Amino acid sequence: MSKIFHNDLVILLFRIGAILLLARVFSELAKKIKAPGIMGEIVLGIILGPTVLGTMYPETFDVFFPKTGAVKIAMEGLTNLSVIMLLFVVGMEAQFQVILKHGKAAIYTSLVSMVIPFALGFSIVWFFPGFFNLWIENKFPYAMFFGVAMAVSALPVITRILMDLDLLKTKVGMIIIAAAIFDDLTGWLLFSFVLSIIGQGGESNIWFSVLMILGFGLFMLTIGRFLINRLLEWIQKKPAWTGGAQSMALGLCFLSAAFTEYIGLHAILGAFIMGIAFGESVHMHEREREVIHQFVTNVFAPLFFVSIGLRVNFIEHFDLNIVLLVFFLAVACKVFGGALGAYMGGLTKRESLAIGFGLNARGAMEIILGTLALNAKLIEQSMFIALVIMALITSLISGPLMKRFIEK
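The model shown is predicted, which means the values in this text are computed figures rather than measured ones.

Student: Explain unusual backbone geometry to me, please; I cannot follow it from the model alone.
Tutor: With the exception of glycine, most residues fall at negative phi, and the peptide bonds are largely trans. The backbone of Lys-377 shows a phi angle near 60°, a positive value even though the residue is not glycine. On the secondary structure map, Lys-377 appears in the loop between helix H17 (363-375) and helix H18 (381-405).

Student: Please explain the confidence of the model for the chain as it appears in this structure.
Tutor: Residues shown with low pLDDT carry predicted positions that ought not to be read at fine detail. Model confidence for the chain is summarised by a mean pLDDT of 83, while 91% of its residues fall at 70 or above. The secondary-structure element of the chain with the lowest mean pLDDT is helix H6 (residues 97-101), recorded at 64, while helix H15 (residues 320-344) shows the highest, at 92. Every residue in residues 200-204 scores below 50 in pLDDT, and together they form five contacts with partners more than four places removed in sequence or on other chains.

Student: Quick question: what am I supposed to make of the nonpolar core here?
Tutor: Grouped together as the largest cluster of nonpolar side chains are 123 residues, with contacts concentrated most on Phe-88, Phe-145, Trp-188, Phe-278, Phe-305 and Ile-379. With 14 residues, the single largest contributor to this core is helix H10 (residues 171-199). The residues contacting Phe-278, other than those within four sequence positions of it, are Phe-88, Met-92, Ile-228, Leu-232, Met-248, Ala-249, Leu-252, Met-284 and Arg-289. Of all hydrophobic cores here, the second largest spans 13 residues; its members include Ile-19, Leu-44, Met-75 and Leu-303.

Student: Please clarify how the packing of aromatic side chains should be interpreted in this entry.
Tutor: By convention here, two paired aromatic rings are described through the distance between centres and the angle between planes. What the rule picks out here adds up to 11 aromatic pairs. An angle of 70° between the planes, with centres 5.9 Å apart, marks the rings of Phe-88 and Phe-278 as edge-to-face. Residue Phe-88 is found in helix H5 (residues 70-93), and its partner Phe-278 is found in helix H13 (residues 267-279); the two are separated by 190 residues along the sequence. Note on accessibility: Phe-88 and Phe-278 belong to one class, buried. An angle of 65° between the planes, with centres 5.1 Å apart, marks the rings of Phe-304 and Phe-305 as edge-to-face. For the residue pair Phe-304 and Phe-305, the accessibility class agrees, reading buried in each case. Ring pairs connect the aromatic residues Phe-118, Phe-122, Trp-126 and Phe-140, which therefore count as one cluster. Lying over the aromatic face of Trp-126, Lys-139 brings its terminal NZ or CZ to 4.2 Å of the ring centre.

Student: How should a nonpolar patch on the surface be read in this particular structure?
Tutor: On the surface, a cluster of nonpolar side chains totalling about 540 Å² of accessible area is made up of Trp-126, Phe-127, Phe-128, Phe-131 and Phe-140. Within the secondary structure layout, Phe-128 lies in the loop between helix H7 (103-127) and helix H8 (139-151). For Phe-128, a relative accessible area of 44% puts it in the partly exposed group.

Student: Explanation requested: the environment of Glu-76 in the structure shown.
Tutor: Tracing the backbone through its elements, the reader meets Glu-76 in helix H5. On a C-alpha basis, the gap between Glu-76 and Phe-304 in space is 9.3 Å, while along the polypeptide they are 228 residues apart. A polar contact of 2.3 Å, which involves the side chain of Glu-76, links it to the side chain of Lys-72.

Student: What exactly am I supposed to notice about the layout of surface pockets here?
Tutor: Using a probe with the size of a water molecule, rolled over the atoms, empty space left in the structure can be pinpointed. When its volume is computed, the second largest pocket comes out at roughly 730 Å³. Lining of the second largest pocket is provided by 26 residues; of these, Lys-72, Glu-76, Ser-307, Leu-310 and Arg-311 occupy positions nearest its centre. Listed by contribution, the elements that provide at least two residues to the lining of the second largest pocket are helix H1 (6-32), H5, helix H14 (286-311) and H17. Here the lining of the second largest pocket takes six residues from H5, the largest share from any one element. Among the residues forming the lining of the second largest pocket, the class breakdown is 14 nonpolar, six polar and six charged.

Student: How should the packing of H5 against helix H12 (residues 244-262) be read in this particular structure?
Tutor: Helix packing for two helices is described by the angle between their axes and how far apart those axes are. Running from amino to carboxyl end, H5 crosses H12 at an angle of 110°, the nearest separation of the two axes being 10 Å. The orientation of H5 with respect to H12, classified from their angle, is roughly perpendicular. When you trace H5 past H12, the crossing you get is right-handed. Taken together, the residues of H12 that come into contact with H5 (itself represented by Leu-81, Ile-84, Met-85 and Phe-88) are Ala-249, Leu-250, Cys-253, Phe-254 and Ala-257.

Student: Would you take a moment to explain the pattern of salt bridges for this structure?
Tutor: Side-chain pairing between opposite charges can occur once the charged atoms of the two side chains come close. By the definition in use, this model includes seven salt bridges. Residues Glu-28 and Lys-31 are paired through a salt bridge, measuring 3.7 Å at the closest nitrogen-oxygen approach. Placement of the pair is Glu-28 and Lys-31 together in helix H1, with a separation of three residues, close to one helical turn. Residue Glu-233 is joined to Arg-230 by a salt bridge in which the shortest nitrogen-to-oxygen separation is 3.9 Å. Of the two residues, Glu-233 and Arg-230 both sit in helix H11 (residues 203-236), three residues apart, roughly one turn of that helix. Where salt bridges share partners, they join Arg-24, Glu-28 and Lys-31 into one cluster.

Student: Help me understand the packing of H12 against H14, please; the structure alone is not making it clear to me.
Tutor: Closest axis-to-axis distance for the H12/H14 pair is 9 Å, and the angle between their directions is 55°. When the axes of H12 and H14 are compared, the pair comes out oblique. Of the two elements, H12 crosses H14, and the hand of that crossing is right-handed. Listed contacts from H14 to Ala-245, Gln-246, Ala-249 and Leu-250 of H12 are Glu-288, Val-291, Ile-292 and Phe-295. Taken together, the residues that form the contact of H12 with H14 break down as six nonpolar, one polar and one charged.

About the thresholds
- Residues numbered from 1 in each chain as written.
- Predicted model: local features only at pLDDT ≥ 70, side-chain atom pairs only at ≥ 80, totals over all residues.
- Heavy atoms only, no water.
- Helix = DSSP H or I, 4+ residues; strand = E, 2+ residues; numbered from the N terminus.
- pLDDT = per-residue confidence, 0-100.
- Contact = heavy atoms within 4.5 Å.
- Core = buried A, V, L, I, M, F, W, Y, C linked by side-chain atoms within 4.5 Å.
- Buried < 20%, exposed > 50% of the residue type's maximum accessible area, 1.4 Å probe, protein only.
- Phe/Tyr/Trp six-rings, centres within 6.5 Å; stacked < 30°, edge-to-face > 60°.
- Lys NZ or Arg CZ within 6 Å of the ring centre and 35° of its normal.
- Patch = residues over 30% accessible without salt bridge, like charges linked within 9 Å, V, L, I, M, F, W, Y side chains within 5 Å.
- Areas by Shrake-Rupley, 256 points an atom, 1.4 Å probe, with all protein chains shown as cover.
- Salt bridge = Lys/Arg side-chain N within 4 Å of Asp/Glu carboxyl O.
- Polar contact = N/O pair within 3.5 Å; in protein donor to acceptor, adjacent residues only side chain to side chain.
- 1 Å grid on protein atoms, 1.4 Å probe; cavity = no way out; pocket = protein on both sides within 12 Å on 5 of 7 lines; lining within 4 Å.
- Points joined across faces, edges and corners; volume = space filled by probe spheres on them.
- Nonpolar A, V, L, I, M, F, W, Y, C, P; charged D, E, K, R; others polar.
- Axes fitted to C-alpha atoms, helices over the stretch in contact; angles between N-to-C directions.
- Parallel < 35°, antiparallel > 145°, perpendicular 65-115°, else oblique.
- Left-handed = near helix turned anticlockwise from the far one by under 90°.

Next up, the structure:
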């Protein structure tokens, strides 16, 4: 279909408007019960999706959420833009020098909290594929994905938890942030590699893509960051350029995303790297960061998180065994890896356990990871549901458990 017709436009606009308004209401309701706002948005998606509306009123569901046609294509485009901008915002919050500033403890925690969950997640799929109903030819990319899923954290959620507990600027808080930055950057690089394995036939192309992204990342964090600094400094001296920094930031975000998509890795990795480069800039004022953050998290993010519930039937494809297995492995791998790394870095047992539970918050990052894997047909709907449930529960329990182990 090359054209969007009158009725399609009406449905599309009505759908976007209704989702944004209802998502705000559900997000605020979630916050009142001390739950993450995204939980309310996902619940809204489940109500509007095949689980509730599609089961009770299938004809109405088909009108507003068609499986084919211009409306579906347009919404897919919007959700892809949402993910790209979300990863850009996450990258802006990641201050890469934090890892180096906290020396031995930060480096040990960053490495061990990534390596152990990834290795255990990879191994459980590789040696026990029957647990996941896998075909042999899918085992390697699936094992790689599951290792990454066990290893990543959710930097935005972790930052918010640390702020709520007044721990953000403490030694424990900074080590948690440093490890989360390292884990997320490494995790997204590995996941982009997994997607390239699925999408490309030639092994040489994959390694070319990896070399290209390593070179691009190195360039952006050195020369690119310097050029962005100079350009931002010039823009800030031009009063007539109101909003110039925001336009430049999002424009370069999309160009960077286009580049990584072009070389065979996912667009989100380019957005994440560009976000880090902008986050490091001393000329990106706090007010401008906040404008971008509010714009993305309040307009585009709800469209993405509501779409999660629209993708699958959470009742029909719910598998208790997989949910329990994923949750147990995720908590055990990440808490053990984070705590062991912190302890090796010289922290006390209680501080180490607090760091382990802090890094266990998965939140939006795990959900984005699962969504991309589902779209790539790497995982089935039952695994996707298990990852979403695990991400929400770990985000809920991380704060109270951290608080329990912090020494007064």
